[in-house]
Amino acid sequence: MRSRSQNQRRRRIVQTAAALALRGGVEAMQMRTVAERAGVALGTLYRYFPSKMDLVVAVVTEELDLLESSIERRPPGAPTAAGRAVDVLMRATRGLMREPELADALVRSLIMAEVKTELGRRITDLLWRVAQGEGEDAPAEPDRDAPAYVLAGSLASVWIFELLEILKGHRDVEQVQERLTVTAERLMPGLQNE
């Protein structure tokens, strides 16, 4: 378990890396520069983040934390599971497209096998939660083998592919929203409280 000072140091490193990425993209997140600006030794940085991709994943994870907080403050209001799921994915898409380098880093972190990441599971969990709604009957934790959870995971996979298409310049945000809406409406009817 990390001490409070270790958590603060880690957070400072991630915030420094995020600030560099916002100004100059992922390429600007040079490990030596991050260490210098965060006020830590290069060896300390590598203890927390063994590779640049691990640091990128931490930055993207922080962005996902912000998305989850935003959804807790302002839950999607659509009446259907599909509508709520698309709302969440489009909020994430628009946020990521403000920083295409971070979107690119997210896609890479999700498809690169050598980087351990919980992002795919967290996105699926988030979709599953909003699909269930806020009612008293909504389960607190997903059954990750249940059909409803598998469907939410399939929608997350489609979203990741659509992000890749935006990054390659093959689609714009409106086209992605249309495609996600069609997909969600097919995958998620009656998903609530399954």
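Placed above this text is the structure.
Quick look at the structure, then.

Calculation criteria
- Residues numbered from 1 in each chain as written.
- Predicted model: local features only at pLDDT ≥ 70, side-chain atom pairs only at ≥ 80, totals over all residues.
- Heavy atoms only, no water.
- Helix = DSSP H or I, 4+ residues; strand = E, 2+ residues; numbered from the N terminus.
- Areas by Shrake-Rupley, 256 points an atom, 1.4 Å probe, with all protein chains shown as cover.
- Buried < 20%, exposed > 50% of the residue type's maximum accessible area, 1.4 Å probe, protein only.
- Arc of directions from axis to C-beta.
- Contact = heavy atoms within 4.5 Å.
- Core = buried A, V, L, I, M, F, W, Y, C linked by side-chain atoms within 4.5 Å.
- Axes fitted to C-alpha atoms, helices over the stretch in contact; angles between N-to-C directions.
- Parallel < 35°, antiparallel > 145°, perpendicular 65-115°, else oblique.
- Left-handed = near helix turned anticlockwise from the far one by under 90°.
- Nonpolar A, V, L, I, M, F, W, Y, C, P; charged D, E, K, R; others polar.
- Salt bridge = Lys/Arg side-chain N within 4 Å of Asp/Glu carboxyl O.
- Phe/Tyr/Trp six-rings, centres within 6.5 Å; stacked < 30°, edge-to-face > 60°.
- Expected span 1.5 Å × (residues − 1).

**Description of the overall build of the protein chain**
- Within the protein chain one finds nine helices and zero strands.
- The order of helices and strands in the protein chain, counted from the N terminus, is α-α-α-α-α-α-α-α-α.
- As displayed, the protein chain offers around 10,500 Å² of accessible surface, 49% of which is attributable to carbon and sulfur atoms.

**Focus: helix H2 (residues 31-38)**
- Listed as buried for H2 are Met31, Val34, Ala35 and Ala38. What you see down the axis of H2 is that its buried residues fit within an arc of 100 degrees, all on one side. Those residues of H2 that are exposed and aimed more than 90 degrees away from the buried face are Arg32, Glu36 and Arg37.
- Elements in contact with the buried residues of H2: helix H1 (4-24), helix H3 (42-48) and helix H4 (52-73).
- Following H2 by one or two positions, Gly39 adopts a phi angle in the positive range, close to 75 degrees.

**A short note on the side chain of Glu68**
- Structurally, Glu68 is set in helix H4.
- Those residues within four positions of Glu68 in sequence are excluded, and the remaining contacts are Arg122, Leu126 and Arg129.

**Re the nonpolar core**
- Grouped together as the largest cluster of nonpolar side chains are 61 residues, with contacts concentrated most on Ile13, Phe49, Leu127 and Trp159.
- Apart from the residues within four sequence positions on either side, Ile13 is in contact with Val34, Ala38, Val40, Leu45, Tyr48, Phe49 and Leu55.

**Description of the packing of helix H5 (residues 81-97) against helix H7 (residues 119-132)**
- Look at H5 against H7: their axes get within 8 Å of each other, and the N-to-C directions meet at 140 degrees. The angle between H5 and H7 falls in the class oblique. Here H5 and H7 pass one another in a crossing that is right-handed. Residue-level contacts link Ala81, Arg84, Ala85, Val88 and Leu89 of H5 to Leu126, Leu127, Val130, Ala131 and Gln132 of H7.

**Regarding the packing of H7 against helix H8 (residues 147-167)**
- It is at 8 Å that the axes of H7 and H8 come closest, and there the two elements cross at 120 degrees. By the angle between their directions, the pair H7 and H8 is classed as oblique. Helix-helix and strand crossings are classified by hand; for H7 and H8 the assignment is right-handed. Contacts from Arg121, Ile123, Thr124, Asp125, Leu127, Trp128 and Gln132 of H7 reach H8 at Ala148, Tyr149, Ala152, Gly153, Leu155, Ala156 and Trp159.
- Looking at side-chain class alone, the contact of H7 with H8 contains nine nonpolar, three polar and two charged residues.

**Remarks on the pattern of salt bridges**
- Enumeration over the complete set of coordinates arrives at 11 salt bridges.
- Among the ionic pairs, Arg129 bridges to Glu68, the shortest N-O distance being 3.6 Å. Here the residue Arg129 occupies a position in helix H7, and Glu68 occupies one in helix H4, the gap between them amounting to 61 residues.
- Accessibility expressed as a relative area gives 36% for Arg129, which makes it partly exposed.
- A relative accessible area of 16% means that Glu68 is categorised as buried.

**Let's talk about the packing of aromatic side chains**
- Enumeration according to the criterion identifies one aromatic pair in this entry.
- Considering the side-chain rings of Tyr48 and Phe49, the 6.5 Å spacing of their centres and the 35 degrees angle between planes classify their relative orientation as tilted. As far as burial versus exposure is concerned, Tyr48 and Phe49 are alike and both buried.

**Brief notes about H8**
- Here H8 spans 30 Å end to end across 21 residues, near enough to the 30 Å set by a 1.5 Å rise per residue.
- Inspection of H8 places Ala148, Tyr149, Ala152, Gly153, Leu155, Ala156, Trp159, Ile160, Glu162, Leu163, Glu165 and Ile166 among the buried residues, and these make up the whole buried set.
- Positioned one or two residues after H8, Gly169 has a phi angle of 85 degrees, which is positive.

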